[in-house]
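The residues making up each chain are set out below.
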Amino acid sequence: MNILILGGGGREHALAWAVLQNPKCDRLIVAPGNAGIAEIAECATIDIEDGAEVVDFSEANAIDLVIIGPEAPLAAGVGDDLRGAGFLVFGPSGAAAELEASKRFTKEICDAAGAPTAGWARFSEAGPAKDYIRSQGAPIVIKAGGLAAGKGVIVAMSETEALAGIDEMFSGKFGEAGAEVVIEEFMEGEEASFFVLCDGETALPMGTAQDHKRIGEGDTGPNTGGMGAYSPAPVLTEAVAKRAMYEIVLPTLAEMKARGTPYQGVLYAGLMIQDGAPRLVEYNVRFGDPECQVLMMRLGAQALDLMQAVAEGRLSEIQVNWAEDHAMTVVMVAEGYPGSYEKGTIIKGLETLEANSGQIVFHAGTSRNGGDFAAAGGRVLNVTARGSTLGAARDAAYELVKAIDWPEGRYRRDIGWRALD
Ligand code: AMP
Ligand code: GLY
């Protein structure tokens, strides 16, 4: 098979790594890819949000399957363009991608499906939004209605903070994404991510993970794209996963199908779990980043079989074979992230680290600098390891972190603390 992966972060490096484990893969191209991906696959520079360009590229390269990593091309309908041109695609239609692209859409679907989630209201003007906040009190959660790269959520612990948040949302800072604001009830509990594959008909739970969103140890400080993750998530016990499947995910998928926009791809349900009861925080229409890295580390070659079965509508014929193992990824970031940070600092020692099936460094944002790599983003490396226990996976991941020579790199030392304590 000739396979094209769209995207260029740590998630796509992990997808590429897993796809290459499978002998079915004859040729792999990643667009745009990154310096780490270029070590294992061909990289191509195309505009991945331009459906026509992706279709032309796929035709020219006799691609058999396109795996779409990030949300932007999905929301732009690149999956529809590819399917229209006859390609097999892993990833939902533009209409189904609304589950991530529009907070209001997700809330409406949950209400129609009876899926438990936070109470909510939506506003397109600051005045009524502030009145609503005064009537509800704090803590309360304010969200930009559209895609804001994970930065459009304010969890306000006081009314003052919430009112200031409304001004910020309507200031134009979030562009189109902030034209509508969703205000939600604050939910208490422990968060975890539940990943479900769906081919439009059949749904198959594919794994669980937890990430650490805050920059600081002990889960403190500003939010980031994710500072580390591990799989499985102990809080998502079999009983909780079953409830999440039957009470949240399956009703959502049924509602999508009933509306004529069946879901195909991986549905990532962000859950808040309290006393064994899951409620939906949000949906994403793609793998999480860095959650994908730990899932791929555990799935290996079968990841491609699963994604192909989704694209071909054959999910009912397949199952996920989980080993009794654990994986952890520690995200190394540039000093200053998530604020302003320097690019171009040199990372040494990566070439000498033999990638193996138990320890691997996925690149999130690197470029080549002669024989070395250089930091090219905020989140730069995803140092990932597998083990028979979570503790063993953690020890192996941090052992690998110590072997990386990058004085300007920063990382949290406590990834997995909730599960390990
Ligand atoms: P989201 O982008 O919707 O996942 O929100 C980002 C983060 O904000 C989530 O991972 C939660 O930690 C937090 N959050 C979002 N909505 C709520 C809520 N209703 N109650 C409590 N925390 C929330
Ligand atoms: N790690 C969170 C996300 O991918 O949305």
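Residues numbered from 1 in each chain as written. Chains lettered and ligands numbered in written order. Predicted model: local features only at pLDDT ≥ 70, side-chain atom pairs only at ≥ 80, totals over all residues. Heavy atoms only, no water.

Take G225: it is sitting in the loop between strand 13 (220-223) and strand 14 (228-231). With residues near it in sequence (within four places) discarded, G225 still touches D211, D289, P290, Y337 and R379. (Helix = DSSP H or I, 4+ residues; strand = E, 2+ residues; numbered from the N terminus. Contact = heavy atoms within 4.5 Å.)

Its 12 residues place the ends of helix 1 (residues 10-21) 17 Å apart at the C-alpha level, agreeing with the 16 Å of an ideal helix rising 1.5 Å per residue. Those residues of helix 1 not exposed but buried are G10, R11, E12, H13, A14, L15, A16, W17, A18 and V19. (Expected span 1.5 Å × (residues − 1). Buried < 20%, exposed > 50% of the residue type's maximum accessible area, 1.4 Å probe, protein only.)

This part takes up the sheet that holds strand 9 (residues 181-185). As summarised here, the arrangement of the 4 strands in space is 6-9-7-8, forming an open sheet in which the pairing is antiparallel. Two strands close off the open sheet at either side, each with one partner strand: strand 6 (120-123) and strand 8 (153-156). Sheet twist, expressed as the average angle between the axes of neighbouring strands with direction ignored, equals 20°. Two strands pair when backbone bridges link them, and strand 7 (residues 140-144) and strand 8 are joined in this way by 4 bridges, in the antiparallel orientation. Paired with V141 across the two strands is V155, which belongs to strand 8. The strands touched by helix 6 (residues 103-113) are strand 6, strand 7 and strand 9; relative to strand 6, the strand with the most contacts, the crossing angle is about 145°. (Pairing = 2+ DSSP bridges. Axes fitted to C-alpha atoms, helices over the stretch in contact; angles between N-to-C directions.)

Below, the discussion takes up a negative patch on the surface. Residues D47, E49, E53, D56 and E59 make up a contiguous surface patch of negative charge. Assignment of secondary structure puts E59 in helix 2 (residues 51-60). Owing to a relative accessible area of 48%, E59 belongs among the partly exposed residues under this scheme. (Patch = residues over 30% accessible without salt bridge, like charges linked within 9 Å, V, L, I, M, F, W, Y side chains within 5 Å. Areas by Shrake-Rupley, 256 points an atom, 1.4 Å probe, with all protein chains shown as cover. Salt bridge = Lys/Arg side-chain N within 4 Å of Asp/Glu carboxyl O. Lys, Arg positive; Asp, Glu negative; His and termini not counted. Charge placed at Lys NZ, Arg CZ, Asp CG, Glu CD.)

Let us look at empty space enclosed by the protein. Tallying each qualifying case throughout the model produces 2 cavities of 30 Å³ or more. Roughly 90 Å³ of volume is contained in the largest cavity. Along its surface, the largest cavity is lined by 13 residues, and K103, T106, V281, E282 and Y283 are the ones closest to its centre. Elements represented by at least two residues in the lining of the largest cavity include exactly helix 5 (98-101), helix 6 and strand 16 (277-284). Looking at which element gives the most residues to the lining of the largest cavity, the answer is strand 16, with 4 residues. Taken together, the residues of the lining of the largest cavity break down into 4 nonpolar, 3 polar and 6 charged. Estimated volume of the second largest cavity: approximately 50 Å³. In terms of lining, the second largest cavity is formed by 13 residues, of which the most central are I68, F90, V266, R286 and F287. (1 Å grid on protein atoms, 1.4 Å probe; cavity = no way out; pocket = protein on both sides within 12 Å on 5 of 7 lines; lining within 4 Å. Points joined across faces, edges and corners; volume = space filled by probe spheres on them. Nonpolar A, V, L, I, M, F, W, Y, C, P; charged D, E, K, R; others polar.)

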